[in-house]
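Spelled out, the chains give:
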Amino acid sequence: MTGYDEMEMYLRKVLSNSISSANPSKEAKQKARKLSPSYFEDYKQRLLNEWSGKNVEDIDNSEVISTSFGDTLRITHEEKIDFKISDNDFKNQINRNLKLLPKIGLKTEQNLKNKGYTTIESLKNHDRYADIATKFASRIEDMSYAEIIDLLDTNRYSKKCRDNIIKSISLTDKENFKFMDIETLGLSNVPLILIGVAEIKKDKIITSQYFLRRIYEEPAAIEAYLSHLDEDSVHVTFNGKSFDVPFIRNRCLYNRVRLDYRLPHLDLMYFAKNLWSDNLPNCRLQTIEKELFGIERQGDVPGQFIPGYYNTYISQDNIGPIVPIIEHNRQDIVSLAYFLEKMYEDVN
């Protein structure tokens with residue numbers, strides 16, 4: 001076989017994986033079908049048939065709970081997890097990062113280190129930087145984790161040192177991470193329908209999901225979620241800085257639910273792009289699951305179909321369409337824990 005023949009066979013194989021080719025492969029047809037509205041209409045009907053006659057309390061591990069805003073549904077699961085954040089002496093790493101001080105950039109830092117000033121502590125003996133180094137060294141000892149995250153995030157060199165934010169998680173307890181994701185009826189100014197939060201307790205990851213059986217339960221679900229937070233909590237999301245957290249804040253204002261905390265936030269989407277984009281087709285959550293963790297979801301419902309599925313649940317009083325939405329949300333928040341642990345291993 002000539003090189004030309006080999007190239008032609010290769011191109012035919014590649015083109016057959018496209019639904020727009022003259023002779024698309026069976027796999028290409030199946031993939032295209034699973035992305036089509038008709039496929040998800042058929043899937044919704046199968047769910048309606050499968051769950052006919054059942055109500056939300058028939059969902060495993062579900063119970064109705066009471067809040068000051070009324071009742072809502074909570075679904076809980078727990079599973080084993082080996083989540084370990086080994087000590088990396090990060091406070092000492094901060095001490096060696098001279099760029100955290102005002103007026104010290106990359107070149108100045110290198111010049112100072114060439115002269116033997118390798119730590120912020122050592123700059124206490126420098127004629128020019130003694131005062132700011134002394135103030136910084138005393139302040140860093142009393143900083144909360146939220147203040148350290150803010151320090152690292154707002155530093156003008158933070159993009160060049162983005163790994164430092166992931167390295168810093170050794171400074172807080174793993175129980176403080178709140179892996180969170182929401183499902184909504186649209187992108188803005190509409191109710192959310194599900195809030196999920198996962199927490200690590202000893203060797204288990206425990207998920208708590210708050211589902212709106214009817215739209216008027218939104219403030220109850222939000223309050224139930226907020227009960228998981230305290231001043232030491234850390235939000236961990238995927239694209240949550242621009243979507244989930246602002247969305248919840250707006251719905252709190254709409255429903256007059258008091259929100260006491262502005263918490264440090266680890267949005268793993270940005271770190272995933274920084275760490276893994278060169279080795280992945282894209283940095284979507286489910287791509288990372290599949291490529292790095294071998295997780296391939298079955299029966300998942302893409303976000304654009306969720307409002308229609310929820311509205312069918314309401315109109316037909318049949319829980320079938322919301323069952324995969326709840327599972328989708330649960331898998332999202334559990335995956336975030338595995339992402340964070342791997343990111344920490346990679347940067348250290």
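Here's what I pulled together on the structure shown here.

Quick notes on the rules
Residues numbered from 1 in each chain as written. Predicted model: local features only at pLDDT ≥ 70, side-chain atom pairs only at ≥ 80, totals over all residues. Heavy atoms only, no water. Helix = DSSP H or I, 4+ residues; strand = E, 2+ residues; numbered from the N terminus. Buried < 20%, exposed > 50% of the residue type's maximum accessible area, 1.4 Å probe, protein only. Contact = heavy atoms within 4.5 Å. Areas by Shrake-Rupley, 256 points an atom, 1.4 Å probe, with all protein chains shown as cover. Core = buried A, V, L, I, M, F, W, Y, C linked by side-chain atoms within 4.5 Å. 1 Å grid on protein atoms, 1.4 Å probe; cavity = no way out; pocket = protein on both sides within 12 Å on 5 of 7 lines; lining within 4 Å. Points joined across faces, edges and corners; volume = space filled by probe spheres on them. Nonpolar A, V, L, I, M, F, W, Y, C, P; charged D, E, K, R; others polar. Pairing = 2+ DSSP bridges. Axes fitted to C-alpha atoms, helices over the stretch in contact; angles between N-to-C directions. Parallel < 35°, antiparallel > 145°, perpendicular 65-115°, else oblique. Left-handed = near helix turned anticlockwise from the far one by under 90°. Salt bridge = Lys/Arg side-chain N within 4 Å of Asp/Glu carboxyl O.

Our next topic: the overall build of the chain. A count of helices and strands for the chain gives 14 helices and 7 strands. Per-residue burial over the chain gives 48% buried out of 348 residues. Across the chain, contacts joining residues at least 24 apart in sequence account for 67% of those joining residues at least 6 apart. Accessible area of the chain: about 19000 Å², with a carbon and sulfur share of 46%.

Okay, the nonpolar core next. Ranked by size, the top nonpolar core spans 51 residues in total, and within it Phe177, Phe179, Phe238, Leu266, Leu268 and Leu340 carry the most contacts. The dominant element in this core, judged by the number of residues it contributes, is helix α14 (residues 323-347), at 9 residues. Residues in contact with leucine 268, not counting those within four places in the same chain, are Val236, Thr237, Phe238, Leu336, Phe339, Leu340 and Met343. Within the second largest apolar cluster, 43 residues are counted, among which are Ile75, Ala221, Ile222 and Val245.

Turning to empty space enclosed by the protein, a few remarks are in order. The method is simple in principle: a probe with the dimensions of a water molecule rolls over the atoms, and the space it marks as empty is what remains. What the rule picks out here adds up to 2 cavities of 30 Å³ or more. Taken as a whole, the largest cavity encloses approximately 80 Å³ of empty space. Lining the largest cavity, in full, are Tyr225, Leu226, Leu229, His235, Val245, Ile248, Arg249, Leu259, Tyr261 and Leu263. Contributing elements (two or more residues each) for the lining of the largest cavity: α9 (218-226) and α10 (244-255). Per-element accounting of the lining of the largest cavity gives the leading share, 3 residues, to α10. Broken down by class, the residue content of the lining of the largest cavity amounts to 8 nonpolar, 1 polar and 1 charged.

Here strand β1 (residues 62-67) pairs with strand β2 (residues 70-80) via 6 bridges, running antiparallel. Each bridged residue has a counterpart across the sheet, and for serine 62 the counterpart in β2 is isoleucine 75. The antiparallel pairing of β1 with β2 creates a hairpin that spans 2 residues between the two strands. Summarising the sheet, β2 and strand β5 (residues 204-211) pair through 8 bridges and their orientation is antiparallel. Paired with lysine 80 across the bridge in β5 is lysine 204.

What follows is about the side chain of histidine 328. Looking at where histidine 328 falls in the secondary structure, it is placed in helix α14. Apart from residues no more than four positions distant in its own chain, histidine 328 is found in contact with Glu183, Gln286, Arg297, Asp300 and Val301.

This paragraph deals with the packing of helix α12 (residues 285-293) against α14. Viewed as axis vectors pointing N to C, α12 and α14 meet at an angle of 55°, and their least axial separation amounts to 11 Å. Classed by the angle they form, the pair α12 and α14 counts as oblique. Note that α12 runs across α14; the crossing there is left-handed. Between α12 and α14, the contacting residues are Leu285, Gln286, Ile288, Glu289, Leu292 and Phe293 on the first element and His328, Gln331, Asp332, Ser335, Leu336, Tyr338, Phe339 and Lys342 on the second. Here the contact of α12 with α14 is composed, by residue class, of 7 nonpolar, 4 polar and 3 charged.

Let's shift gears to the pattern of salt bridges. Evaluation of the coordinates by the stated rule reveals 22 salt bridges. Here glutamate 121 ties to lysine 124 by a salt bridge, and the two come within 2.7 Å at their closest N and O atoms. In this structure glutamate 121 comes out as partly exposed when scored by relative accessible area, which is 39%. According to the relative accessible area criterion, lysine 124 is partly exposed, its value standing at 31%. A salt bridge links lysine 178 to glutamate 199; its shortest N-O distance comes to 2.7 Å. One end of the pair, lysine 178, is in strand β3 (residues 177-184); the other, glutamate 199, is in strand β4 (residues 192-201), and 21 residues separate them in sequence. The pair formed by lysine 178 and glutamate 199 is uniform in burial state, with each residue classed as buried. Salt bridges sharing partners connect three or more residues here, namely Glu289, Arg297, Asp300 and Asp332.

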